[in-house]
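Letter by letter, the chains look like this.
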Amino acid sequence: MKFFVLVALFAFAAADSYKAAEYKAPMYDSPKYEAPKYVAPKYEAPKYEAPKYETPKYETPKYEAPKYVAPKYEAPKYETPKYETPKYEAPKYETPKYEAPKYEAPKYEAPKYVAPKYETPKYETPKYETPKYEEVTYAAQPYSFGYDVQDKESYTDFEHNEKSDYNVVTGSYRVVLPDSRVQIVTYKADANGYTADVKYEGEAKYPEYVESQYKSAASYAAPAYKAPEYKKPAYTAPAYTAPAYTAPAYQAPAAYPKY
C-alpha cells in the first residue's frame, strides 16, 4: 500500500514540473533589390600614326684595280759537258786447248725380238649423205593468154589479156562493176617496175529499192498435232479352280483272328 502511494506522489510531482514547449514563428527577411548601375562605355578616338619613311642607303660600288704580277724569268742553267777519257783494254790471248781424241769400242747389242701386236680392226659405220637436190630452173619464155567470162544470171562480166616477150609483160583486164561502170586496167611490168593505168567507162547508177510484189500462192498450214490415244489394257482376272478333294477310302480292318 505504501508503494502505491509513493508512485502516485512521484507521478504528481513529474506532472507539475512539465511545461509545454513554446512555439516561435520563423523570422522572414524580405530580399533587398538593388537596381543595376549603368556604366556608359568609354570611347577612345583611334590614334593615327604617320608611317615612317626611311631613305634608302646607297653604297658606292668599290672598284679594285687588277693587280699586275710581273712574270718571273729564270735564266737557263748551263752545265758544262763532262768528258770521260776512253779506257783502253789490251786484248787477252787464250791458248787453245787441245783434247786427245777418245776411242770407244763399239757396243754389240743382241737383237731384240718383239712379237707383233694384234690390233682389232676398227669398223666404221658408213656415213650416209643426203643427196643434194638441185632445183631445176628454166629460163623465162615468151607467152600470151586471154579469157573472157560472161554470166548474166550471176551478173558476171570480165575479160583478161596478157603477153610477155621474155623481158616486158603487158596486159589489161576489164570488169563490169556493180554500179554498171566498166573498169579498164592497162598495166606494164619490166625492169623498171610495175605501172598501171586505170580507166572507168559509163556512169554509176544506183537503182532505187522496190519491194517485191510477189506473194506466194501456197499458204502453209501448221501441221495438226493429234495426241496419241492411250488404251488401257484389259485386265482379265485369272480363273481360280478349286482343287478337287478326294476323301480317302476307309477299309475296315480284317477280322481279328480268334485264339
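Presented here is a report on the structure given in the accompanying data block. Worth saying up front: this structure is predicted, and the values here are computed from it rather than measured.

Under the criterion given, the structure shown has 4 aromatic pairs. Centroid distance Tyr-143 to Phe-145: 6.3 Å. Interplanar angle 10°. Geometry classified as stacked. Taking relative accessible area as the criterion, Phe-145 reaches 38% and is therefore assigned partly exposed. An aromatic cluster is defined as three or more aromatic residues linked by ring pairs; in this entry it consists of Tyr-143, Phe-145, Tyr-147 and Phe-158. Above the ring of Tyr-200, the side-chain terminus of Arg-181 is found at 4.7 Å from the ring centroid.

Here we come to the side chain of Glu-162. Of note, Glu-162 is situated in strand S2 (residues 156–164). Here Glu-162 sits buried without a salt bridge, and the closest side chain of opposite charge, Lys-163, lies 12 Å off (N-O distance). Polar contacts involving the side chain of Glu-162 include one to the side chain of Tyr-143, which spans 2.7 Å. If near-sequence neighbours (up to four positions away) are discounted, Glu-162 is found in contact with Tyr-143, Ser-144, Phe-145, Val-169, Thr-170, Gly-171 and Tyr-187.

Let's shift gears to the pattern of salt bridges. Inspection of the entire model under this criterion finds 3 salt bridges. A salt bridge links Arg-174 to Asp-157, with the nearest nitrogen and oxygen atoms 3.5 Å apart. Of the two residues, Arg-174 is situated in strand S3 (residues 169–176) and Asp-157 in strand S2; the sequence distance between them amounts to 17 residues. With a relative accessible area of 23%, Asp-157 lands in the partly exposed category. The salt bridge partner of Arg-181 is Asp-179, with a shortest N-O separation of 2.9 Å. Beyond isolated ion pairs, a larger network of salt bridges with shared partners links Asp-157, Glu-159 and Arg-174.

The rules behind these values
Residues numbered from 1 in each chain as written. Predicted model: local features only at pLDDT ≥ 70, side-chain atom pairs only at ≥ 80, totals over all residues. Heavy atoms only, no water. Phe/Tyr/Trp six-rings, centres within 6.5 Å; stacked < 30°, edge-to-face > 60°. Buried < 20%, exposed > 50% of the residue type's maximum accessible area, 1.4 Å probe, protein only. Lys NZ or Arg CZ within 6 Å of the ring centre and 35° of its normal. Helix = DSSP H or I, 4+ residues; strand = E, 2+ residues; numbered from the N terminus. Lys, Arg positive; Asp, Glu negative; His and termini not counted. Salt bridge = Lys/Arg side-chain N within 4 Å of Asp/Glu carboxyl O. Polar contact = N/O pair within 3.5 Å; in protein donor to acceptor, adjacent residues only side chain to side chain. Contact = heavy atoms within 4.5 Å.

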